[in-house]
Every structure is written in structure tokens, then in C-alpha cells.
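Chains, contacts and geometry: an overview
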Amino acid sequence: MKIRTLFILLVIFVFLASLAVLVTREPARTAATGPQPGDALLPDLDVNRIEKMRVESPQGTTEVQRVNGKWVVPSLFEYPADFDCVVEQLRTFDDLKVGQTVRGGMDAPDEFGFSETNRIRILLASSDKDGDTTEILVGAMRLTSQSSRFPNYPDGTYVRVGDGPIVLVKESLQNLPRSNDDWVRKSLFGIEPGRLSEITLVTTQETFTVKVPEPGKYAMDDLKEDEEVNSDVMARLTSVLQSLFFNSVADPDGNDADFGFANSSQLSAKTKNGLVYSLFIGGPVPGTSDRYARIKADGGEGEEAAVKEINSRFDGWTYTLGSYSWETLMLGKSQFVRKIPAKNEEQK
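In this text, all values refer to a predicted model and were calculated from it rather than measured experimentally.

Analysis parameters
Residues numbered from 1 in each chain as written. Predicted model: local features only at pLDDT ≥ 70, side-chain atom pairs only at ≥ 80, totals over all residues. Heavy atoms only, no water. Helix = DSSP H or I, 4+ residues; strand = E, 2+ residues; numbered from the N terminus. Buried < 20%, exposed > 50% of the residue type's maximum accessible area, 1.4 Å probe, protein only. Contact = heavy atoms within 4.5 Å. pLDDT = per-residue confidence, 0-100. Polar contact = N/O pair within 3.5 Å; in protein donor to acceptor, adjacent residues only side chain to side chain. Core = buried A, V, L, I, M, F, W, Y, C linked by side-chain atoms within 4.5 Å. 1 Å grid on protein atoms, 1.4 Å probe; cavity = no way out; pocket = protein on both sides within 12 Å on 5 of 7 lines; lining within 4 Å. Points joined across faces, edges and corners; volume = space filled by probe spheres on them. Pairing = 2+ DSSP bridges. Axes fitted to C-alpha atoms, helices over the stretch in contact; angles between N-to-C directions. Phe/Tyr/Trp six-rings, centres within 6.5 Å; stacked < 30°, edge-to-face > 60°.

Let's shift gears to the environment of Val285. Tracing the sequence through the fold places Val285 in the loop between β18 (276–284) and β19 (291–298). Taking the relative accessible area as the measure of exposure, Val285 reaches 13% and is therefore buried. As a C-alpha pair, Val285 and Phe259 span 26 residues in sequence and 7.8 Å in three-dimensional space. Those residues within four positions of Val285 in sequence are excluded, and the remaining contacts are Asp290, Arg291, Tyr292 and Thr320.

Given below as C-alpha cells:
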């Protein structure tokens, strides 16, 4: 065989061998881009440096801010925010993880709930980098069903971080505060019925005291032989005192005359250990059925620390109470007294 022929055959062999290698070689994998399942949605977020949290939704805008190390609600005259509520929201953002990236989702963002009329916008302002702000857009929940016989149920929420892609997270994010009042702890105080020793009510017309020698037992001075304390009315009053809530707070710079405290009614609830909660009920809140109210504590020996803590919380603040609460706290003496039911013959 001629050398030329051998050379040609060698070239053909090398070509075929190279072609075989190219055909059988596994194609190189393209490096994944963008957030991947299991990644932290906000990897650079440091919740300890967040100074402001703002939630914009179709229902309105609400905001909390850290002032002098304490979380407050600016629109409520910097009333203290519920620390547990703030921590819960920040922890939720810190724990968000990518479940799935919606490829091409921005081609039709409205389908995932990101229209201007539906989405929720969250802004987290940090003390880092001259107040760097993180933007989170919350879209619709993804609904799924195990069977056509059962209704759909949510199994995640579509979100975006800034200009990033649409991703799915498992959290529903439906517990976000939608009003400024949602950021505060509405419970004022609670006196368990077993702790109550007496209540005194003072109005411009009368003053009277109901004593509670033991739970469910009541006494008043100057009752007639056929009269007793109305236990149903006392049950209503003790229920309000056990869980007293407010609706909102008033401007701390408001004057007593505007709030109706010049002729206020007062209820004082004394506990068995001598601690006294005094509630002052002022005038009506314009445009509502609420009334203004203030709280002050006094106490006997050994209650100094409790009195100081209570007054430090309530001092300088005027609250608004719903109609059921303030009406109960302003009941008159005649409503606490009733005739003793006559015994029938079988009971004699």
C-alpha cells in the first residue's frame, strides 16, 4: 500500500475518532443563574439593623420605626409598637427561602398578582449604607388542590425582591399589619375576678362602692332588706376589667377640655393586694361611638414597683374605648341594685 494511501486513511481515522468523542461527550452544563430553590430570599438582610418597616397595600399604608432603640408607630404619635409583633414580622422576612423561580414570570406579572391594585409593597430601611432600603413586592397566593372534589388551598406566595424575578415562597404572608393600629398591643390590663376586692364608681351625680368579699359574692352599703347586688351587672363589669382593650390613642398634646376630662367619671378597681387601677372616662370621640379614657395606678405597701411600671406605661397617653367598655365602666348605682327574687312555696 502506498504511503499516500496510508496517510489518507490515518487522517480519516483521526477525524472519525474525534467525531465519536464529540458525539458521545456529555454537553457542558450551563451555570444556574438567579435565586435557586432553598436559597435565602434576602441573604444580605440583617434584621438587627432595620430601622423602619413600611407596608403599602390596597387597604392603606402602615409604618413602624425604631426611635431611640424602641419601636414606635409614627402615625399614632409615636405610641410604642408591640415588640413581639415587630419581631415576628422581621423574623418572617429573615426566614424566607426560595421555593421556585418563575421563569418568564415578568412577561405577564399581573397573572401572579403584581398589578398596582393588588400587590403589597414592603420597604425595610436599614441603618447600613446610609439607610439602604430593601423592597419586597408580595403578589398572589398560589392555589392548588389534591383532587377536583376538594377546594383549592394556598401552598405559597409569589414575591419579588426589588427588580428581581418572581419567586415562590411557602409562607402565605397574609398576617402583615394592614393598619397602624395593628402594630400596637390593644390590651390595657386584665384583673382576674379572683383578685378583685372592691370597685368604686364616681360620677358627677353619685359615688358608691361594691365590695367583693369572695369571687361571685358582692356587697353594698345601704341596701334595703329586699335588695341585693345585681350579679349579672357585676359579671359584665368584671368581664370588662378582666380584658380591657382600647381602639386607638389620642394626641398627647390635646387638652383636658377637648377630651372631656373636666367632668369625667371615674372607676377604681382595687385588688386584694391593695393595687388600685383608676380609669377616668372623658367625653365622646368626634365621629365615633368611642370615649376618651385615661389610666392611673396607686397601691399599698409592697406594690410600689407594680405601680411605677403601670404608670410609666400609661402616663401621658389618652386612649379611646369602644361603647361597650365605657358604658359598662359608667353604669349607675341603680343598675347594680335589684330586688331579691321572692321565693315560691316549693322553695320555702
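The next thing to look at is the confidence of the model for the chain. When pLDDT is averaged along the chain, the result is 87, and 86% of the positions lie at 70 or above. When pLDDT is averaged over each helix and strand of the chain, the minimum, 59, is found for helix α1 (residues 3–24) and the maximum, 97, for strand β20 (residues 319–321).

This part is about the side chain of Thr318. If you trace the backbone, Thr318 turns up in the loop between α5 (304–314) and β20. The exposure class assigned to Thr318 is buried, which follows from its relative accessible area of 4%. At 2.8 Å, the side chain of Thr318 forms a polar contact with the side chain of Arg294. Non-local contacts of Thr318, meaning those with residues more than four positions away in its chain, are made with Ser248, Val249, Ala250, Phe259, Phe261, Tyr292, Ala293 and Arg294.

This part covers the nonpolar core. In this structure, Phe93, Leu188, Phe189, Leu241, Leu329 and Phe336 are the most contacted members of the largest nonpolar core, which totals 69 residues. In terms of residue count, helix α3 (residues 231–242) provides more of this core than any other element does, five residues in total. When sequence neighbours within four positions are dropped, the list of residues in contact with Phe93 reads Leu42, Leu45, Met53, Ile122, Leu124, Ile136 and Leu176. Val102, Phe112, Tyr158 and Leu168 belong to the second-largest nonpolar core, a separate cluster that totals seven residues.

Of the volumes computed, that of the largest pocket is approximately 470 Å³. Contributing to the lining of the largest pocket are 15 residues, with Lys70, Trp71, Pro80, Ala81 and Arg313 lying nearest its centre. The set of elements that each furnish at least two residues to the lining of the largest pocket consists of β3 (70–73), β4 (79–80) and α5.

Let us now look at the sheet that holds strand β17 (residues 265–271). Strand order in the open sheet formed by eight strands is β13-β12-β11-β17-β18-β19-β20-β16, and the pairing between neighbours is antiparallel. Both edges of this open sheet fall to β13 (217–219) and β16 (248–249), since each of them pairs with a single strand only. Here two bridges tie β16 to β20, and the two strands are oriented antiparallel to one another. Across the sheet, Ser248 pairs through a bridge with Thr320, a residue of β20. Of the strands in this sheet, β18, β19 and β20 are in contact with α5, which crosses β19 at around 155 degrees.

Within this structure, the stated rule accounts for nine aromatic pairs. The interplanar angle of 85 degrees and the centroid separation of 4.7 Å between the aromatic rings of Tyr79 and Trp317 together place this pair among those described as edge-to-face. Pair noted here: Tyr79 is in strand β4 and Trp317 is in the loop between α5 and β20, with a separation of 238 residues, a long-range link. You can call Tyr79 buried: its relative accessible area is 4%.

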